[in-house]
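Here's the letter readout for the chains.
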Amino acid sequence: MVAILMTSSASFETFESLQADLAELIDRLPTLKNRQLIYNALATIVRLADSDIERLDWKILSAALADMERGFQLFYDYRHVRKVTIFGSARLLPQAPEYQMAVEFGRAVTRMGFMVMTGGGGGIMQAGHEGAGRENSFGLNIHLPFEQQANPIIEGDPKLIHFKYFFTRKLFLLKESDAIALFPGGFGTQDEAFECMTLSQTGKFGPVPVVLIDHPGGDYWQSWSEYINQHLVKTGLVNPEDPNLYTVTDSLEVACDAITRFYQVYHSCRYVGDRLVIRLTQELSDAEVEQLNAEFSDILVQGKIEKSQSLPQENQDETVGLPRLVLSFNQRDLGRLYQMIAVINQMGIPATKEQVHPERK
């Protein structure tokens, strides 16, 4: 009976504390920077509270929000650092050539200034951390009954977090990533590869460089690419330009170059209304913009590709000082958009001073 009373008292105190926190938040809401988005999130919870959803639904919502809270808090301090996500088999041993290639890749990209993210487990994930070093690594682990203990390199590091759900974990592995490197793996790696392609193809992720890496002389991804060409491209199930979404290589140099070259002139992009705004690290000449219009008019809904400074809607954007291209992209031909980014990265006025490192967002 005493235990019941103590539990009830603790629950009441917790409720009173929550009630006070909510009241304070409501009072402060009009002054908060993201007040409309916070209001939308709170309103969604209120609507759900009045609906007839199952207890399991609330458990999923609660756990997913807790997953996202951990992810948002971890990555906020690293939001200006470019990161490479490494996917691959958890089962490959250190003596495997794929493992050694992943070690060398992790070491190479950190020398270029990038940080490395993996699922935090063994195999290729451990290899990526081994190459990058603990200080340059993030581990996004998943609770599983097998295979997924944190590797010894990232274990105990504050940049290791544990997710309950695959979908929230994958959200951060992609959301926070500026490049994807896929090494050979099983069903999980294949799932990650096809999801990267699907999200890239539909404009829900990126644009970012996606590199499929074999060890020297290996043919895992080369065979995968042949399957794509034979059974998807040739049969019209994907666009002929869609293989531009990724690079297949067994060369460490080519893999690293595919990543750094992607950010040579291109910086990032976003939509403002129905217009795609492409931010650049340096301004293109009028002649170069005309070349883009001549080569890529087929991806425009209307108008032309035009040079621009930041738009009024971007006043709070940290990239406000970067030059831009603005276009009415059809949001369908993503393979062609990747082609255009490749052309843009071959353009630009040669810099007379040291360029900003590509890892800085």
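Residues numbered from 1 in each chain as written. Predicted model: local features only at pLDDT ≥ 70, side-chain atom pairs only at ≥ 80, totals over all residues. Heavy atoms only, no water.

Undergrad: Help me understand the overall build of the protein in this model?
TA: Counting its secondary structure elements, the protein contains 11 helices and 11 strands. For the protein, the spread of C-alpha atoms along the principal axes amounts to about 80 × 55 × 45 Å. The buried share among the 361 residues of the protein stands at 45%. Considering only contacts within the protein whose residues lie at least 6 apart along the sequence, 69% involve residues at least 24 apart. Here the protein displays about 19,400 Å² of accessible surface, and carbon together with sulfur accounts for 55% of that area. Across the protein, the 33 positively charged side chains and the 46 negatively charged ones have centroids separated by 3 Å. (Helix = DSSP H or I, 4+ residues; strand = E, 2+ residues; numbered from the N terminus. Buried < 20%, exposed > 50% of the residue type's maximum accessible area, 1.4 Å probe, protein only. Contact = heavy atoms within 4.5 Å. Areas by Shrake-Rupley, 256 points an atom, 1.4 Å probe, with all protein chains shown as cover. Lys, Arg positive; Asp, Glu negative; His and termini not counted. Charge placed at Lys NZ, Arg CZ, Asp CG, Glu CD.)

Undergrad: When you look at the packing of helix H10 (residues 286-296) against helix H11 (residues 334-344) in this model, what are you seeing that I'm missing?
TA: Each pair of packed helices gets described by two things: the angle between the helix axes and the distance between those axes. Put simply, H10 and H11 touch, their axes get as near as 11 Å, and they point 155 degrees apart. Classified by the angle between their axes, H10 and H11 sit roughly antiparallel to one another. The two elements H10 and H11 cross, and the hand of that crossing is right-handed. Taken together, the residues of H11 that come into contact with H10 (itself represented by Gln291, Leu292, Glu295 and Phe296) are Arg336, Gln339, Met340, Val343 and Ile344. Residue composition of the contact of H10 with H11, by class: five nonpolar, two polar and two charged. (Axes fitted to C-alpha atoms, helices over the stretch in contact; angles between N-to-C directions. Parallel < 35°, antiparallel > 145°, perpendicular 65-115°, else oblique. Left-handed = near helix turned anticlockwise from the far one by under 90°. Nonpolar A, V, L, I, M, F, W, Y, C, P; charged D, E, K, R; others polar.)

Undergrad: Help me out: how do you make sense of the sheet that holds strand S1 (residues 83-87) in this one?
TA: Within a sheet, each strand pairs with its neighbour through backbone hydrogen bonds, oriented either parallel or antiparallel. Pairing is parallel across the open sheet formed by seven strands, whose spatial order is S4-S3-S2-S1-S5-S6-S7. Looking at the sheet topology across the chains shown, the edges are occupied by strand S4 (160-163) and strand S7 (247-249). Averaged over neighbouring strand pairs, the angle between their axes works out to 20 degrees when direction is ignored. Note that strand S3 (residues 137-142) and S4 share four bridges and pair parallel. (Pairing = 2+ DSSP bridges.)

Undergrad: Looking at this model, I keep getting lost on the sheet that holds strand S8 (residues 266-272). Mind explaining?
TA: Spatially, four strands are ordered S8-S9-S11-S10 in an open sheet, and the strand pairing comes out antiparallel. Bordering the open sheet on either side are S8 and strand S10 (300-308), each of which pairs with just one other strand. The sheet shows a mean angle of 20 degrees between the axes of neighbouring strands, taken without regard to direction. Here strand S9 (residues 275-280) runs beside strand S11 (residues 324-329); their pairing, made up of four bridges, is antiparallel. In the sheet register, Ile278 faces S11, and the bridge partner there is Leu325.

Undergrad: I'm lost on the pairing of S3 in this one. Help?
TA: Residues in a regular strand project their side chains so that they alternate between the two faces of the sheet. Most of S3 is tucked away: six of the six residues are buried. In S3, alternate side chains face the same way, and those of Ser137, Gly139 and Asn141 on one face and Phe138, Leu140 and Ile142 on the other are all buried. Taken together, the three bridges between strand S2 (residues 115-118) and S3 define a ladder with parallel strand orientation. Bridging across to S3, Val116 finds its partner in Ser137.

Undergrad: Looking at this structure, how should I read the confidence of the model for the protein?
TA: As a general rule, the predicted coordinates of low-pLDDT regions are not to be interpreted in detail. With 91% of its residues at a pLDDT of 70 or more, the protein has an overall mean of 90. Segment residues 1-8 is flagged for pLDDT under 50; beyond a separation of four residues in sequence, or across chains, it makes zero contacts in the model. When the criterion is pLDDT under 50, residues 352-356 qualifies, and its contacts beyond four places in sequence or with other chains add up to three contacts. (pLDDT = per-residue confidence, 0-100.)

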